[in-house]
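One-letter residues, chain by chain:
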Amino acid sequence: ELANRMAERGVDVVRALMKMGVMVTINQPIDADTAELLVSEFGHRIRRVSDSDVEVGLSGDDDPVESLKPRAPVVTVMGHVDHGKTSLLDALRKTDVVSREAGGITQHIGAYQVELSGGATITFLDTPGHEAFTGMRSRGAKVTDIVILVVAADDAVMPQTIEAIRHAKLAEVPIIVAINKCDLPAANPDKVRQQLLQHEIVVESLGGDVQDVEVSAAKGTGLDKLQEAILLQSEILELKANPDRNAEGVVVEAKLEVGRGSVATVLVQRGTLRIGDVFVAGAEWGRVRALIDDRGNNVESAGPAEPVEVIGLQGAPEAGDLLSVIDSESRARDIAEFRQRQSREKRAAVGQRGTLEQMFSAIKEGQAQLLPLVIKADVQGSAEALVGSAEKIGTDEVKVEILHSAVGGINESDVILARASNGIIIGFNVRANKQAREMAQRDGVDIRYYSIIYNVIDDLKSLLSGMLAPAV
Ligand code: GDP
């Protein structure tokens, strides 16, 4: 690779290295100092790319105050499954005056904008559920200004409602409560308000400062009030960005498409992204060939809070990756390569670790006294039964430590939790979501799936006695 970069023959490079006393084959990695020496030996100019060289991205609020212009709020809808997140997003989308005039042709690109009849604009992330929000947050990107917490009026506060509240609070993002399904006879909005109190969400009518709006996504009622609440909240937040600079944004979605190559939906956070711009997005780089908005139109540019599909990437970045426009293509390449190398090295390091193997030998050698577990199950009864049995099977040498147990699928916060304590995750009749799976794989966290309690206990016993084969 180095030979290639210098436009020298591989054999010459190897020969030169041998002369320097470094015995290597053509595909063997060499350290940076040796490489530097070698490059100057060949009479080429070296430029080392270091961490600080490639620290591009949302580098803080260094835009002068005069350059800041108001921007649209970015809103994420969260809430318990079946409480109507998807329906609400669809209903809100239909209120867009622009696409309504154009005949309602819309594209699902992971985010969309709604222009209200008064001229104000709101951006919605339409990857429903917590994945988008938490996934991005775990990668350091702050995209959401406001969380709409959807609670069904006939069902009230449920586990994922609580999870959503926890995540929004952790991220310090203000919540607006949308009490949905108010068209149903069984609807009891006051019960929702009361139950939210227990989770420190105090709505205005109960003397707090959280706005709440009664809506029906099915009937389309209350949507105008919800939008007013969003605008009011965004006024309080004084959302602003500088549109006149190199664009920076966040990848909301990325996919590979036949004929179009890598396509990423990017939410611009500041600056303006234009056709022809060279950029890096995570460990990928590209040059903008086309921009397509959420209404399916080809556009020339996208400014702050505007989501666009970007065509012209060299590879597929990941959701949550930051995109930054770079002045030169060679620098963009360098940064992307550097980041790819970094993530390769990180993966290799993780591969060597192997949490469960390590745990297994630590237990065998008598070093580990605790086996940390995260338990996720489909129903509360199973979760409790598992916790109870797991706690009982500890031996004098090794005890089970329950880091967390809850009802629901395995998500990124479970992986983060397990990783921090070198623990493993038990999924009982539940699966891991995509982000959690990828994160677990990347970080070497073991996830084991079961549907029979006895098997869990059996495996844990074997593990505690140091006999369980590592998961493949
Ligand atoms: P999600 O899982 O939170 O995305 O929920 P969905 O949007 O998929 O909605 C779950 C179910 O509730 C669907 O059958 C919807 O038709 C229904 N639903 C959603 N909103 C309303 C509403 O305002 N009123 C009524 N009656 N049903 C609704």
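The preceding data block contains the structure.
If you're wondering where the values come from, they're calculated on a predicted model, not measured in any experiment.

Draft legend 1. Quick peek at the overall build of the protein. Check the secondary structure of the protein and you find 15 helices and 21 strands. Looking at the protein residue by residue over its 472 residues, the buried ones come to 47%. Counting contacts in the protein only where the partners sit at least 6 residues apart, residues at least 24 apart contribute 70% of the total. By element, 49% of the accessible surface of the protein is carried by carbon and sulfur atoms, the whole surface being about 23100 Å².

Draft legend 2. The sheet that holds strand E18 (residues 370-377), seen in detail. Taken together, the four strands give an open sheet; going across it, the order is E19-E18-E20-E21, and neighbouring strands pair in parallel fashion. A single partner strand is all that each edge strand has here, and the edge strands are strand E19 (399-407) and strand E21 (447-450). Neighbour to neighbour, the strand axes of the sheet diverge by 25° on average, direction disregarded. Looking at chain direction, strand E20 (residues 424-428) and E21 are connected through four bridges and run parallel. Considered in E21, the bridge of Gly427 is made with Tyr449.

Draft legend 3. Representation of the site of the ligand within the structure. Lining the immediate environment of the ligand, one finds 15 residues, of which Asp82, Lys85, Thr86, Ser87 and Asp183 sit closest. Within the backbone of Lys85, a nitrogen or oxygen atom sits 2.8 Å from an oxygen atom of the ligand. Within the contact set of the ligand, an oxygen atom lies 2.5 Å away from a side-chain nitrogen or oxygen of Thr86. Coverage of the ligand by the protein chains reaches 70% of its 580 Å² of free accessible surface. Broken down by element, the shell around the ligand gets its largest block of residues, three residues, from helix H4 (residues 85-94). Here the residues of the shell around the ligand sort into four nonpolar, seven polar and four charged.

Draft legend 4. Layout of helix H8 (residues 189-197). When we look at burial in H8, the residues that qualify are Pro189, Val192, Arg193 and Leu196. Along the long axis of H8, the arc covered by the buried residues comes to 95°, so they all point the same way. Elements in contact with the buried residues of H8: strand E5 (146-152), helix H7 (159-170), strand E6 (175-180) and strand E7 (212-214).

Draft legend 5. Highlighting the pairing of strand E9 (residues 248-257). By the bridge criterion, nine bridges tie E9 to strand E10 (residues 261-270) in an arrangement that is antiparallel. Looking across to E10, one finds that Lys255 is bridged to Val263. Turn length for the E9-E10 hairpin, with the two strands adjacent in sequence and antiparallel, is three residues, and the turn residue Gly259 shows positive phi of about 90°. Judged from the three bridges that link them, E9 and strand E17 (residues 322-326) form a sheet pairing that is antiparallel. Paired with Glu248 across the two strands is Ser324, which belongs to E17.

Draft legend 6. Broad picture of the packing of helix H13 (residues 412-420) against helix H14 (residues 434-443). Taken N-terminus to C-terminus, the directions of H13 and H14 make an angle of 20°; their axes are 8 Å apart at the nearest point. In terms of orientation, H13 lies roughly parallel with respect to H14. Seen from above, H13 lies across H14 with right-handed handedness. Across the interface between the two elements, Glu412, Val415, Ile416 and Arg419 of H13 pack against Gln435, Ala436, Met439, Ala440, Arg442 and Asp443 of H14. For the contact of H13 with H14, a count of residues per class yields five nonpolar, one polar and four charged.

Cut-offs and rules
- Residues numbered from 1 in each chain as written.
- Predicted model: local features only at pLDDT ≥ 70, side-chain atom pairs only at ≥ 80, totals over all residues.
- Heavy atoms only, no water.
- Helix = DSSP H or I, 4+ residues; strand = E, 2+ residues; numbered from the N terminus.
- Buried < 20%, exposed > 50% of the residue type's maximum accessible area, 1.4 Å probe, protein only.
- Contact = heavy atoms within 4.5 Å.
- Areas by Shrake-Rupley, 256 points an atom, 1.4 Å probe, with all protein chains shown as cover.
- Pairing = 2+ DSSP bridges.
- Axes fitted to C-alpha atoms, helices over the stretch in contact; angles between N-to-C directions.
- Near = heavy atom within 4 Å.
- Polar contact = N/O pair within 3.5 Å; in protein donor to acceptor, adjacent residues only side chain to side chain.
- Nonpolar A, V, L, I, M, F, W, Y, C, P; charged D, E, K, R; others polar.
- Arc of directions from axis to C-beta.
- Parallel < 35°, antiparallel > 145°, perpendicular 65-115°, else oblique.
- Left-handed = near helix turned anticlockwise from the far one by under 90°.

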